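# Analysis of the macromolecular model
The residues making up each chain are set out below.
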Amino acid sequence: MLISTPATFQRALRVAGLLLALVVFSPTTSRAQTWLVSTDAYIKIGVLDKFGQLGAYTAKFVVINQATGKEYVLVRQVPNGQKGIDVIFPSEATEADYFKTEKGEAATAKPGQYTWECQVKGKKVVGGRFNFSEVANDVTLVGKN
């Protein structure tokens, strides 16, 4: 006949407690991760008075969407001592100055061809063209192993 002693009873309680802890703290079934993807296209354009001869001047940036013909304008002051300025198209409409149409419509980075120019004192001083292509995002789902 087996007689329980306090030592064997304590050992049995420890083993039972350990097993209970393993069950309680064991990981639950794993779930696949879900990712949120955000992709925004921007282009930086700028103008520079290479030798700084103008002093302070006003730079008027004009971007035209070739598909829609919409013209977006942003005017920036270049202070004396600063030779040039860079701007981002499309700029966030929450900024104080942003690319917009005459009616106040904010520019967006819709896929397509664009032309741009910068005017100083009413004359085109620099210009160019760029494309915004369709954006595709690849997402890898991590499942349970």
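Above this text you will find the structure in question.
Residues numbered from 1 in each chain as written. Predicted model: local features only at pLDDT ≥ 70, side-chain atom pairs only at ≥ 80, totals over all residues. Heavy atoms only, no water.

To continue, consider unusual backbone geometry. A cis amide bond links F89 with the next residue in sequence, P90, at an omega value of -10°. Although it is not a glycine, K121 sits at a positive phi angle of roughly 55°. Positionally, K121 belongs in the loop between β5 (112-120) and β6 (123-132). Exposure remark for K121: the relative accessible area of 69% places this residue in the exposed category. (Helix = DSSP H or I, 4+ residues; strand = E, 2+ residues; numbered from the N terminus. Buried < 20%, exposed > 50% of the residue type's maximum accessible area, 1.4 Å probe, protein only.)

A few words on the sheet that holds strand β3 (residues 71-78). Strands in a sheet are paired, the pairing made by backbone hydrogen bonds, and the direction either parallel or antiparallel. Spatial ordering of the open sheet is given by β3-β2-β5-β6, a layout of 4 strands whose pairing is antiparallel. One side of each edge strand has no neighbouring strand; the edge strands of this open sheet are β3 and β6. Taken over all neighbouring pairs, the strand axes of this sheet differ in orientation by 20° on average, direction set aside. Sheet topology places strand β2 (residues 57-65) next to β3; 8 bridges connect them, and they run antiparallel. (Pairing = 2+ DSSP bridges. Axes fitted to C-alpha atoms, helices over the stretch in contact; angles between N-to-C directions.)

Okay, the side chain of Q119 next. Mapped onto the secondary structure, Q119 falls in strand β5. Accessibility expressed as a relative area gives 19% for Q119, which makes it buried. At a separation of 2.6 Å, a polar atom in the side chain of Q119 contacts the side chain of E117. Beyond its immediate sequence surroundings of up to four residues, Q119 is in contact with T58, A59, K60, V62 and K124. (Polar contact = N/O pair within 3.5 Å; in protein donor to acceptor, adjacent residues only side chain to side chain. Contact = heavy atoms within 4.5 Å.)

Per the counting criterion, the structure on display carries 2 salt bridges. Among the salt bridges present, the one from K70 reaches E105, with a minimum N-O distance of 2.9 Å. Within this pair, whereas K70 is found in the loop between β2 and β3, its partner E105 is found in the loop between β4 (84-89) and β5, the two being separated by 35 residues in sequence. Look at K70 and you get partly exposed, because its relative accessible area is 31%. Judged by relative accessible area, E105 falls into the partly exposed class, the value being 34%. (Salt bridge = Lys/Arg side-chain N within 4 Å of Asp/Glu carboxyl O.)

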